[in-house]
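Working through the structure, step by step
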Amino acid sequence: MKFTASKINQFVMLKLPSAWLCGVRVKAIDNTECEVGVTHRWINQNPFRSMYFAVQAMAAELSTGALVMSKIQQEGKQISMLVAQNKSVFKKKATGKIRFKCYDGQKIAEAVQKTIQTGQGQTCWMTSIGTNSDGVEVSVFEFEWTVKLKS
């Protein structure tokens, strides 16, 4: 199965319904990057009339996690994936259309390859940058993904 934005969005609808209801959608994915969009609406806002931080985190995590899933699927091996840590910085109120982009496909590909070669679990920090429709950075998320061959 080829990993496409529409197939990932179907997965989100079935397996991550809270993200789906909040409007988190994959816009584009390829071997090196993934873009996820979410629009500020009533259902995903905080009391300060901007996007709730957890909704931003869901979109940012999906932009990294979709790349992880894609690399695992390409290898055809039984590999588990898990977020071990995350960090975030919020720079501006998130209103309107927000896009989270991760460009770390090569980094996770190397980690997946190394876990296959060595049989040892690997970690990989991946970054997702959220920008508004004016191109202004609203938040930056970092996720430490762990990948490990299943026994």
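Residues numbered from 1 in each chain as written. Predicted model: local features only at pLDDT ≥ 70, side-chain atom pairs only at ≥ 80, totals over all residues. Heavy atoms only, no water.

Right, let's get into unusual backbone geometry. Most of the time, phi is negative for any residue but glycine, and the peptide bond is trans. Despite not being glycine, Arg 49 has its phi angle at roughly 60°, a positive value. Here Arg 49 lies in the loop between strand S2 (34–39) and helix H3 (53–75). (Helix = DSSP H or I, 4+ residues; strand = E, 2+ residues; numbered from the N terminus.)

Another aspect to go through is the packing of aromatic side chains. For the structure shown, the criterion picks out four aromatic pairs. Between the aromatic rings of Phe 100 and Phe 141, the centroid separation amounts to 6.0 Å while the plane-to-plane angle is 70°, which identifies the pairing as edge-to-face. On the criterion of sequence distance, the pair formed by Phe 100 in strand S4 (residues 97–102) and Phe 141 in strand S6 (residues 137–149) is long-range, its members being 41 residues apart. As far as the burial class goes, Phe 100 and Phe 141 line up, both buried. (Phe/Tyr/Trp six-rings, centres within 6.5 Å; stacked < 30°, edge-to-face > 60°. Buried < 20%, exposed > 50% of the residue type's maximum accessible area, 1.4 Å probe, protein only.)

At a minimum axis distance of 9 Å, the contact between H3 and helix H4 (residues 105–118) shows a crossing angle of 45°. By the angle between their axes, H3 is oblique relative to H4. As H3 runs across H4, the sense of the crossing is right-handed. Contacts between H3 and H4 involve Leu 67, Val 68, Lys 71, Ile 72 and Glu 75 from the former and Gly 105, Ile 108, Ala 109, Val 112, Gln 113 and Ile 116 from the latter. Each residue belonging to the contact of H3 with H4 can be placed in one class, and the counts come to seven nonpolar, two polar and two charged. (Axes fitted to C-alpha atoms, helices over the stretch in contact; angles between N-to-C directions. Parallel < 35°, antiparallel > 145°, perpendicular 65-115°, else oblique. Left-handed = near helix turned anticlockwise from the far one by under 90°. Contact = heavy atoms within 4.5 Å. Nonpolar A, V, L, I, M, F, W, Y, C, P; charged D, E, K, R; others polar.)

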